[in-house]
Amino acid sequence: MTNMSRARVARRIAAGAAFGGGGIGLMGAAAVGLVLAEVRLARRQVGNGSSDHVPHAEGRYGGLYSTPGEPPLTLALLGDSTAAGQGVHRAQQTPGALLASGLAAVAERPVELRNVALPGARSDDLDRQVALILADPARVPDICVVMVGANDVTHRMPATQSVRHLSAAVRRLRTAGAEVVVGTCPDLGTIEPVQQPLRWLARRASRQLAAAQTIGVVEQGGRTVSLGDLLGPEFAANPRELFGPDHYHPSAEGYATAAMAVLPTVCAALGLWPAEEERPDTFRREGFLPVAKAAAEAASEAGTEVTAAMPTGPRGPWALLKRRRRRRVTADGTGEPTPVLP
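Cut-offs used in this document
Residues numbered from 1 in each chain as written. Predicted model: local features only at pLDDT ≥ 70, side-chain atom pairs only at ≥ 80, totals over all residues. Heavy atoms only, no water. Helix = DSSP H or I, 4+ residues; strand = E, 2+ residues; numbered from the N terminus. Buried < 20%, exposed > 50% of the residue type's maximum accessible area, 1.4 Å probe, protein only. Contact = heavy atoms within 4.5 Å. Areas by Shrake-Rupley, 256 points an atom, 1.4 Å probe, with all protein chains shown as cover. Expected span 1.5 Å × (residues − 1). Salt bridge = Lys/Arg side-chain N within 4 Å of Asp/Glu carboxyl O. pLDDT = per-residue confidence, 0-100. Axes fitted to C-alpha atoms, helices over the stretch in contact; angles between N-to-C directions. Parallel < 35°, antiparallel > 145°, perpendicular 65-115°, else oblique. Left-handed = near helix turned anticlockwise from the far one by under 90°. Nonpolar A, V, L, I, M, F, W, Y, C, P; charged D, E, K, R; others polar. Core = buried A, V, L, I, M, F, W, Y, C linked by side-chain atoms within 4.5 Å. Pairing = 2+ DSSP bridges. Bend = angle between axes of the 7 residues up to and from the residue.

Chemist: Report on the overall build of the chain, specifying residues and quantitative values.
Modeler: Each helix and strand counted, the chain has 13 helices and eleven strands in total. Burial status across the chain gives 55% buried among its 342 residues. The contacts of the chain with a sequence gap of at least 6 include a subset with a gap of at least 24, amounting to 78%. Element-wise, carbon and sulfur atoms account for 54% of the exposed surface of the chain, whose accessible area totals about 14300 Å².

Below you can see the structure in the form of structure tokens.
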């Protein structure tokens with residue numbers, strides 16, 4: 001599917017999500033029987049994670065930056081097993097801990113981490129998770145990171161429903177005063193045991209959902225980062241290093257890759273990224289685009305950020321597409337710039 005076609009379909013899905021449509025699915029009806037058979041086989045081979053247990057990573061990071069009288073930044077993670085950190089054994093290897101440590105190093109302030117993500121969750125669980133995060137009006141997070149979508153694809157949730165649930169979650173969080181960054185649906189076409197034609201269908205479905213998610217999130221005032229790298233090109237090139245023991249969830253190195261993609265956008269949302277980085281760099285093919293076109297391009301290239309720009313234009317709302325430099329995140333919470341080649 002070309003970016004232009006993906007943009008058209010993403011616009012239709014987002015419109016259906018906004019106006020109550022529910023009939024736009026992620027896969028053609030003729031392929032459903034074959035896909036279900038392949039999914040069952042792949043799940044038996046993969047295991048889809050042998051255990052739902054994830055390390056407990058909640059708490060304070062960057063304590064050495066504590067200043068009397070200055071409260072810590074607060075970071076919340078919502079979503080599925082990817083946000084929870086399933087597949088690793090140590091708390092500091094989870095994406096929440098990596099993001100909290102990296103954010104503390106950039107902000108030079110402690111960061112308090114909360115994580116309500118649930119392994120196996122789909123987008124319709126976000127309502128419950130948001131309620132947990134906003135239960136205490138005095139503890140609204142400074143920023144929320146949401147990672148969701150993979151289970152929507154594998155359970156064939158209609159894309160309009162998926163995007164509707166995500167958009168509603170972003171709207172509630174933004175209305176409460178939190179910044180929101182969404183890691184969109186990863187590329188599921190590179191899970192090792194999955195064979196053709198499911199591999200092609202899974203890639204198409206996950207990228208299409210990622211594009212539609214981007215439109216819905218940006219329209220509600222959030223930012224998105226494409227997580228294609230999570231199960232995408234880098235994972236395909238280095239599956240033994242970047243997949244965990246179940247060959248489905250990321251390893252510690254894989255989660256670090258995802259954290260490096262998301263951290264710059266988290267920092268930018270909080271006004272912590274260098275001002276020169278906020279200007280579009282034409283050398284890195286950044287710029288202002290209609291939101292659907294920006295969403296389609298981001299879905300095709302992992303690590304790409306999309307955020308709202310001009311509210312109106314001849315082809316609808318516009319967005320800023322950025323390919324930010326990433327930061328290497330280490331277990332001790334330090335970070336140093338690493339270039340992203342154009």
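Chemist: Can you break down the environment of Cys267 residue by residue, with the values?
Modeler: Turning to its location among the elements, Cys267 is positioned in helix H12 (residues 252-269). Separated by 165 residues in the primary sequence, Cys267 and Gly102 have C-alpha atoms spaced 9.3 Å apart. Other than its neighbours up to four places away in sequence, Cys267 contacts Leu103, Val106, Leu272 and Trp273.

Chemist: Outline helix H7 (residues 159-176), supporting the account with residue identities and numerical values.
Modeler: A rise of 1.5 Å per residue sets the reference length of H7, with its 18 residues, at 26 Å; its end C-alpha atoms lie 26 Å apart and thus fit the reference within 8%. Of all the residues in H7, the buried ones are Ala159, Thr160, Ser162, Val163, Leu166, Ser167, Ala169, Val170 and Leu173. The positive-phi residue at the C-terminal boundary of H7 is Gly177, with phi of around 110°.

Chemist: So what's going on with the pattern of salt bridges? Residues and values would help.
Modeler: Tallied over the full model, the rule gives twelve salt bridges. A salt bridge links Arg128 to Asp125; the nearest nitrogen and oxygen atoms lie 2.9 Å apart. The partner of Asp281 in a salt bridge is Arg284, and the shortest N-O contact between them spans 3.7 Å. For Arg284, a relative accessible area of 5% corresponds to the buried category. Put simply, Asp281, Arg284, Glu286 and Lys322 are held in one network by salt bridges that share partners.

Chemist: How would you summarise the confidence of the model for the chain if you had to cite specific residues and measurements?
Modeler: This prediction gives the chain a mean pLDDT of 78; 68% of its residues lie at or above 70. Here residues 45-50 scores under 50 on pLDDT; set against residues more than four positions off or in separate chains, the count is 15 contacts.

Chemist: Please set out the packing of helix H4 (residues 95-107) against H12 residue by residue, giving values where relevant.
Modeler: Packing of H4 against H12 brings their axes to within 9 Å, and their N-to-C directions diverge by 40°. By the angle between their axes, H4 is oblique relative to H12. As for how H4 packs across H12, the hand of that crossing is right-handed. Across the interface between the two elements, Pro95, Leu98, Leu99, Gly102, Leu103 and Val106 from H4 touch Tyr255, Ala256, Ala259, Val262, Leu263, Val266 and Cys267 from H12. Here the residues of the contact of H4 with H12 sort into twelve nonpolar, one polar and no charged.

Chemist: Run through the environment of Thr307, naming residues and quoting values.
Modeler: Within the fold, Thr307 resides in strand S8 (residues 305-308). Classification of Thr307 by relative accessible area gives buried; the value is 12%. Note: C-alpha distance between Thr307 and Val225 (82 residues apart in sequence) is 9.2 Å.

Chemist: Go over the nonpolar core with me, naming the residues and quoting the values.
Modeler: Grouped together as the largest cluster of nonpolar side chains are 35 residues, with contacts concentrated most on Leu75, Leu99, Val145, Val181 and Val262. Counting residues per element, the ones that place at least two in this core are strand S2 (73-79), helix H3 (81-84), H4, strand S3 (111-115), strand S4 (143-147) and H12. The dominant element in this core, judged by the number of residues it contributes, is H12, at ten residues. Apart from residues lying up to four places away in sequence, Val262 is in contact with Leu99, Val145, Met147, Val181, Val225 and Leu227. Counting 24 residues, the second-largest nonpolar core is a separate cluster that includes Ala159, Val291, Val306 and Ala319.

Chemist: Describe the sheet that holds strand S1 (residues 59-61), listing the residues and the values that go with them.
Modeler: Two modes of strand pairing occur in sheets, parallel and antiparallel, and in both the strands are linked by backbone hydrogen bonds. Spatially, nine strands are ordered S1-S3-S2-S4-S5-S6-S8-S9-S7 in an open sheet, and the strand pairing comes out mixed. Strands with a single pairing partner mark the edges of an open sheet, and in this sheet they are S1 and strand S7 (287-290). Pairs of neighbouring strands in the sheet enclose a mean axial angle of 25°, with direction left out of account. The pairing of strand S6 (residues 223-225) with S8 spans two bridges and is classified as antiparallel.

Chemist: Lay out H12 with the relevant residues and their values.
Modeler: Along its 18 residues, H12 runs 25 Å from first to last C-alpha, staying within 8% of the 26 Å computed at 1.5 Å per residue. Val262 marks the point of greatest bend in H12, at about 30°, and the proline Pro264 comes within the next four residues. In terms of burial, H12 is a largely internal element, 16 of the 18 residues being buried. The first or second residue beyond H12 is Gly271, which carries a positive phi of 75°.

Chemist: Residues and numbers for the environment of Ala205, please.
Modeler: Take Ala205: it is sitting in helix H8 (residues 198-219). Measuring from C-alpha to C-alpha, the distance between Ala205 and Val153 comes to 6.7 Å, with 52 residues separating the pair along the chain.

Chemist: How would you explain unusual backbone geometry if you had to name every residue and give the values?
Modeler: Working note: non-glycine residues mostly have negative phi, and peptide bonds are mostly trans. For Arg156, which is not glycine, the phi torsion reads 55° and is therefore positive. Looking at the secondary structure, you find Arg156 in the loop between helix H6 (150-154) and H7. Look at Arg156 and you get partly exposed, because its relative accessible area is 40%. Of note, the phi angle at Arg285 is positive, near 60°, even though the residue is not glycine. Within the fold, Arg285 resides in the loop between H12 and S7.

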